[in-house]
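# Close look at the chain arrangement
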Amino acid sequence: MPLEDAPPQQLLKTYISTPTTRSFIIIHQQAAHERILYERYKAASVGKQIPSQKSLFPATLPLSAPDAILLNELLPDLNQLGYTIEPFGKDSYIIQGTPADTSHGDDRAALENLLEQYKNFTSEIRFSRREKLIRTMARQQAIKPNTALSEKEMRILVNDLFACTQHNVTPGGDPTFIEFRPDYVEKLFGR
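Okay, so let's go over this structure. (Residues numbered from 1 in each chain as written. Predicted model: local features only at pLDDT ≥ 70, side-chain atom pairs only at ≥ 80, totals over all residues. Heavy atoms only, no water.)

In this section: the overall build of the chain. A tally of regular secondary structure across the chain gives six helices and seven strands. Tracing the chain from N to C terminus, the helices and strands come up as β-β-β-α-β-α-β-β-α-α-α-β-α. Taken over 191 residues, the chain has a buried fraction of 42%. Look at the contacts in the chain between residues 6 or more apart in sequence, and 65% of them connect residues 24 or more apart. Of the roughly 10,600 Å² that the chain leaves accessible, carbon and sulfur atoms contribute 54%. (Helix = DSSP H or I, 4+ residues; strand = E, 2+ residues; numbered from the N terminus. Buried < 20%, exposed > 50% of the residue type's maximum accessible area, 1.4 Å probe, protein only. Contact = heavy atoms within 4.5 Å. Areas by Shrake-Rupley, 256 points an atom, 1.4 Å probe, with all protein chains shown as cover.)

Printed below as a string of structure tokens:
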């Protein structure tokens, strides 16, 4: 979709409005970022590993026995996606690094949340373990609503979205943007 060079505008700290050569679009920033991350993680899972950012203060992650088994099964894929996690005694792990392109904060809570979301996603039997993990990570790491973005961040997000092979929907099938063509807008106003 050919975009105009006009600066994008953030609406309600959740949407990005930008003109195209034939219309204007409203992008849901979280949905768009989820699509971008999904395609990035998908490519990394079958190719070049995502770089890991070493933690200045590695976090210890104690888990229940079932969660430790699950994490152990996911470790090869997590390593490919930029995590550096090592066993540390019975049912405990040390998070030595996280994907370099994600926001850093409470790595322990983020990984616990990732495992919880993954477990809730496991009812989808049509997806492989790796596909479930990639979808879960993309959803978890995506920019959340009510996050202010600079003009540069919005431009990068919009350009990255339209560089995706399938830019119009999230991995789960939700729209990433809505296009408003002149005839549709006129119809909304009853003209």
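The next subject is the pairing of strand 6 (residues 92-99). Counting buried positions along strand 6 gives seven out of eight residues, so the element sits mostly inside the fold. Here strand 4 (residues 52-62) pairs with strand 6 via seven bridges, running antiparallel. Across the sheet, residue A59 finds its bridge partner in strand 6, namely I95. The sheet contact formed by strand 5 (residues 84-87) and strand 6 spans four bridges and is antiparallel. Bridge pairing in strand 6 links E86 to I94. Connecting strand 5 to the next strand, strand 6, in antiparallel fashion are four residues, including G89 with a positive phi near 85°. (Pairing = 2+ DSSP bridges.)

On to the sheet that holds strand 7 (residues 177-180), then. The strand order across the open sheet built from four strands is 1-2-3-7, with neighbouring strands paired in antiparallel fashion. What marks the edges here is a single partner per strand, and that holds for strand 1 (9-11) and strand 7. The sheet shows a mean angle of 25° between the axes of neighbouring strands, taken without regard to direction. Across three bridges, strand 1 lies against strand 2 (residues 15-19) in antiparallel orientation. The residue bridging Q9 from the neighbouring strand is S17, located in strand 2. The strands that helix 1 (residues 29-46) touches are strand 1, strand 2 and strand 3 (24-28); relative to strand 3, the one it contacts most, it runs at about 75°. (Axes fitted to C-alpha atoms, helices over the stretch in contact; angles between N-to-C directions.)

Just geometry here; none of it tells us what the structure is for.
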